[in-house]
Amino acid sequence: SITEETVELLEPYLHMEDYNLETAKKVCGNVAGLCSWTQAMAYFYGINKEVLPLKANLALQEGRLAAAQMELNGAQNQLDEKQRELDEVQAMYDAAMKEKQALLDDADACRRKMNNATALIEGLGGEKLRWTASSKNFQNQITNLVGNVLLATGFLSYSGPFNQEYRNLLLQLWKKEMDNSKIPYSKNLNLTGMLVDNATVGEWNLQGLPNDDLSIQNGIIVTKASRYPLLIDPQGQGKTWIKNKEKNNGLQVTAMNHKLFRTHI
């Protein structure tokens, strides 16, 4: 309730030299407190005069702050809602992209399989003629198997003692008899290829057997015939080959003039 007029009326007293607490105590101790209180109230009025606008402005700004805070809270709530919607849409987008990538991977895998299948089909298409010919050849081999085996067994059983020319003559005579008896056989039969493989022939050559047809036929007769072969071997090639071939099997070499033969004779 202090006014500016009251403070102006009190101002002359406040500037008096004896208007203070010490002097007032000398005059009247009960009034000394009132003197100090009037000084404090005048000082308070001066301070409060500057503070009141600040308080009013503070209240105004606090009101504005409260309104701004309410608006901020509303905007924050709206932002949170939009963020939730964005998260949902982002999750849908990620799922769609994942599904898209899976479909692309499946499509690439399918495309690779189709390319491989196409290449395989094209490659197999080129093999059709060969397979057809091979199938026909296999069928012919089955049909001619009995006659081929008959010729092979006859060769092993009877052609051992003879030279190449007589062996060929025997084969021609046997084929003529089979034609008369209507026994099928392969016209271009290769007895050597039927009775031994190339790897075995190569091993025989390394062991000292010559590579000509007669020597290979002799090797077949030696290894596959059921009877002991008689080797007419003036150059000693057959003997060398047999020694090398049977070296690891403990081959014992003897001769008719050996003492054991002479004893029994």
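Scoring rules and cut-offs
Residues numbered from 1 in each chain as written. Predicted model: local features only at pLDDT ≥ 70, side-chain atom pairs only at ≥ 80, totals over all residues. Heavy atoms only, no water. Helix = DSSP H or I, 4+ residues; strand = E, 2+ residues; numbered from the N terminus. Rg over C-alpha atoms; globule rule 2.2 N^0.38 Å. Buried < 20%, exposed > 50% of the residue type's maximum accessible area, 1.4 Å probe, protein only. Areas by Shrake-Rupley, 256 points an atom, 1.4 Å probe, with all protein chains shown as cover. Lys, Arg positive; Asp, Glu negative; His and termini not counted. Charge placed at Lys NZ, Arg CZ, Asp CG, Glu CD. Domains from an automatic or database assignment. Patch = residues over 30% accessible without salt bridge, like charges linked within 9 Å, V, L, I, M, F, W, Y side chains within 5 Å. Salt bridge = Lys/Arg side-chain N within 4 Å of Asp/Glu carboxyl O. Core = buried A, V, L, I, M, F, W, Y, C linked by side-chain atoms within 4.5 Å. Contact = heavy atoms within 4.5 Å. Phe/Tyr/Trp six-rings, centres within 6.5 Å; stacked < 30°, edge-to-face > 60°.

The name an unreviewed UniProt entry gives the chain is DYH8 protein, with Sylvia borin as the organism.

Secondary structure assignment for the chain yields 9 helices and 0 strands. Counting helices and strands in the order they occur from the N terminus, the chain gives α-α-α-α-α-α-α-α-α. Here the C-alpha radius of gyration of the chain, 64 Å, is well above what a compact globule of 265 residues would show, namely 18 Å. Along the longest, intermediate and shortest principal axes, the C-alpha atoms of the chain span 180 × 55 × 25 Å. Residues counted as buried form 17% of the 265 residues belonging to the chain. For the chain, the exposed area adds up to about 21000 Å²; of that, 59% sits on carbon and sulfur atoms. One finds the centroid of the 28 positive side-chain charges in the chain at a distance of 30 Å from the centroid of its 31 negative side-chain charges.

Domain assignment breaks the chain into domain 1 (4-79) and domain 2 (190-219 + 228-264). Once you take the C-alpha centre of each, domain 1 and domain 2 turn out to be 138 Å apart.

To continue, consider a nonpolar patch on the surface. On the surface, Phe 162, Tyr 166, Leu 169 and Leu 173 cluster together into a nonpolar patch covering about 350 Å² of accessible area. Following the sequence through the fold, Leu 169 ends up in helix 4 (residues 164-180).

The biggest cluster of nonpolar side chains holds 17 residues, and the ones touching the most others in it are Phe 155, Leu 156, Leu 191, Leu 195, Trp 204 and Ile 220. For this core, the elements supplying multiple residues, two or more each, are helix 3 (29-158), helix 4, helix 5 (191-195), helix 6 (198-206) and helix 7 (213-224). Residue contributions to this core peak at 4 residues, all from helix 3. Beyond its immediate chain neighbours, meaning those up to four positions away, Leu 195 contacts Ala 152, Phe 155, Leu 156, Ile 220 and Lys 224.

Moving on, we come to unusual backbone geometry. The backbone of Lys 182 sits at a positive phi, close to 60 degrees, despite the residue not being glycine. In this fold, Lys 182 is placed in the loop between helix 4 and helix 5. Classification of Lys 182 as exposed rests on a relative accessible area of 75%.

In the structure shown here, the tally under the stated rule is 2 aromatic pairs. Pairing Phe 162 with Tyr 166 gives two aromatic rings, centres 4.6 Å apart and planes at 50 degrees, and the pair type is tilted. Look at Phe 162 and you get partly exposed, because its relative accessible area is 33%.

Before going further, it helps to examine the pattern of salt bridges. For the structure on display, the rule yields 6 salt bridges. A salt bridge links Glu 81 to Arg 84, with the nearest nitrogen and oxygen atoms 2.3 Å apart. Note that Glu 81 and Arg 84 are positioned in helix 3 at a spacing of 3 residues, about one turn of the helix. The exposure class assigned to Glu 81 is partly exposed, which follows from its relative accessible area of 35%. Residue class for Arg 84 comes out partly exposed when judged on its relative accessible area of 45%.

Turning our eyes to something else, we now look at the side chain of Gln 207. Along the polypeptide, Gln 207 turns up in the loop between helix 6 and helix 7. Overall, the relative accessible area of 14% leaves Gln 207 in the buried class. Discounting residues that sit within four places of it in the chain, Gln 207 has contacts with Thr 240, Trp 241, Asn 244 and Lys 245.

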